[in-house]
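Listed here are the chains, written in short residue letters.
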Amino acid sequence: MKTALVIFNGIRFSYDLAVHVIVWAKKNGGIIHALFVKAKHRENEGYVFPSDIDAAEDLAGTGDIEHRDVLVIRSQIKLFEDMAKTENIPLNSELLTDPSLRDIVAITKGPDILFIDADDTDFGILSVTSFTMKELIKKSLCPVEIIKAKTE
């Protein structure tokens, strides 16, 4: 059975990427391994939703901010798992905090293909910055397909 590896970085979740991987798995009778990677919370990230004043005022510190960001990622994991389940595609997912390039490259040894979001700039909230997606593409042990979001 073929295996697709897909990486979501930080709290950025590309719906187009998710759909593309599911279509690939369905077409190839494959399974999906989803990596949700995140960095530890950085003090200078700030609060990006200024119109959400009530929620912002409720935050007691950086631990609360990181906890809420992780809840966003966990909801994205659940969404992706539900999307795959709807199409009867086997999917396993894991959340990694501050993985090294070496860690991720080692994971690329098993899958048949790696899917990455073309719009991942490595600068989003909780995005891993210890390496870039370009570095990962160069070192990946399996073929890489870069998916660009569709614009309407």
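Data block above holds the structure.
Below or above, wherever it landed, is the structure these notes cover.

Reading the values: the criteria
- Residues numbered from 1 in each chain as written.
- Predicted model: local features only at pLDDT ≥ 70, side-chain atom pairs only at ≥ 80, totals over all residues.
- Heavy atoms only, no water.
- Helix = DSSP H or I, 4+ residues; strand = E, 2+ residues; numbered from the N terminus.
- Salt bridge = Lys/Arg side-chain N within 4 Å of Asp/Glu carboxyl O.
- Buried < 20%, exposed > 50% of the residue type's maximum accessible area, 1.4 Å probe, protein only.
- Core = buried A, V, L, I, M, F, W, Y, C linked by side-chain atoms within 4.5 Å.
- Contact = heavy atoms within 4.5 Å.
- Pairing = 2+ DSSP bridges.
- Axes fitted to C-alpha atoms, helices over the stretch in contact; angles between N-to-C directions.
- Phe/Tyr/Trp six-rings, centres within 6.5 Å; stacked < 30°, edge-to-face > 60°.
- Expected span 1.5 Å × (residues − 1).
- Arc of directions from axis to C-beta.

**Here's the deal with the environment of Ile 22**
- Following the sequence through the fold, Ile 22 ends up in helix α1 (residues 15-28).
- Here the alpha-carbon distance between Ile 22 and Phe 80, two residues 58 residues apart in the chain, equals 9.2 Å.

**Description of the pattern of salt bridges**
- A full pass over the atoms with the stated rule returns five salt bridges.
- Salt-bridge contacts for Asp 119 lead to Arg 12; the nearest nitrogen and oxygen are separated by 3.8 Å. On the criterion of sequence distance, the pair formed by Asp 119 in the loop between β4 (113-117) and α5 (133-139) and Arg 12 in the loop between β1 (3-9) and α1 is long-range, its members being 107 residues apart.
- Residue classification places Arg 12 among the partly exposed residues on the basis of a relative accessible area of 37%.
- As a salt-bridge pair, Lys 148 and Asp 119 come within 2.7 Å of each other at their nearest N and O atoms. Of this pair, Lys 148 sits in the segment after β5 (144-147) while Asp 119 sits in the loop between β4 and α5, and the two are 29 residues apart along the sequence.
- Overall, the relative accessible area of 56% leaves Lys 148 in the exposed class.

**Describing the nonpolar core**
- Val 6, Phe 8, Val 21, Ile 32, Phe 36, Phe 80 and Phe 115 are the most contacted members of the largest nonpolar core, which has 25 residues in total.
- Breaking this core down by element, the ones donating at least two residues are β1, α1, β2 (31-38), α3 (62-86) and β4.
- Broken down by element, this core gets its largest block of residues, six residues, from α1.
- Residues in contact with Phe 8, not counting those within four places in the same chain, are Phe 13, Ser 14, Leu 17, Ala 18, Leu 35, Phe 36, Val 37 and Phe 80.
- If you look at the next biggest cluster of nonpolar residues, it comprises 15 residues, including Leu 96, Leu 101, Ile 104 and Cys 142.

**A look at the sheet that holds β4**
- One open sheet holds the five strands; their spatial order is β3-β2-β1-β4-β5, and the pairing between them is parallel. Looking along the sheet, the strands with just one partner apiece sit at the ends: β3 (91-97) and β5. Ignoring which end each strand starts from, the neighbouring axes of this sheet average 20° apart.
- Running over the sheet, α1 touches β1, β2, β4 and β5 and is turned about 175° from β1.

**Considerations on the packing of aromatic side chains**
- In total, this model carries five aromatic pairs according to the counting rule given.
- Relative to Phe 13, the ring of Phe 8 lies with its centre 4.9 Å away and its plane at 25°, an arrangement referred to as stacked.
- By relative accessible area, which is 2% here, Phe 8 ends up buried.
- For the pair Phe 8 and Phe 36, a centre-to-centre distance of 4.8 Å together with 20° between the ring planes defines the contact as stacked. Linking Phe 8 in strand β1 with Phe 36 in strand β2, this pair joins segments that are 28 residues apart in sequence. The burial state of Phe 8 is the same as that of Phe 36; both residues are buried.
- Members of the aromatic cluster, each reached through a chain of ring pairs, are Phe 8, Phe 13, Phe 36 and Phe 80.

**Looking at α1**
- Across its 14 residues, α1 extends 20 Å between first and last C-alpha, which sits within 8% of the 20 Å expected from 1.5 Å per residue.
- Looking only at α1, the buried set comprises Leu 17, Ala 18, Val 21, Ile 22, Trp 24 and Ala 25. Buried residues of α1 fall within an arc of 160° about the axis and therefore sit on the same side. Those residues of α1 that are exposed and aimed more than 90 degrees away from the buried face are Tyr 15, Val 23, Lys 26 and Lys 27.
- One or two positions beyond α1, positive phi appears at Gly 29, with a value near 60°.

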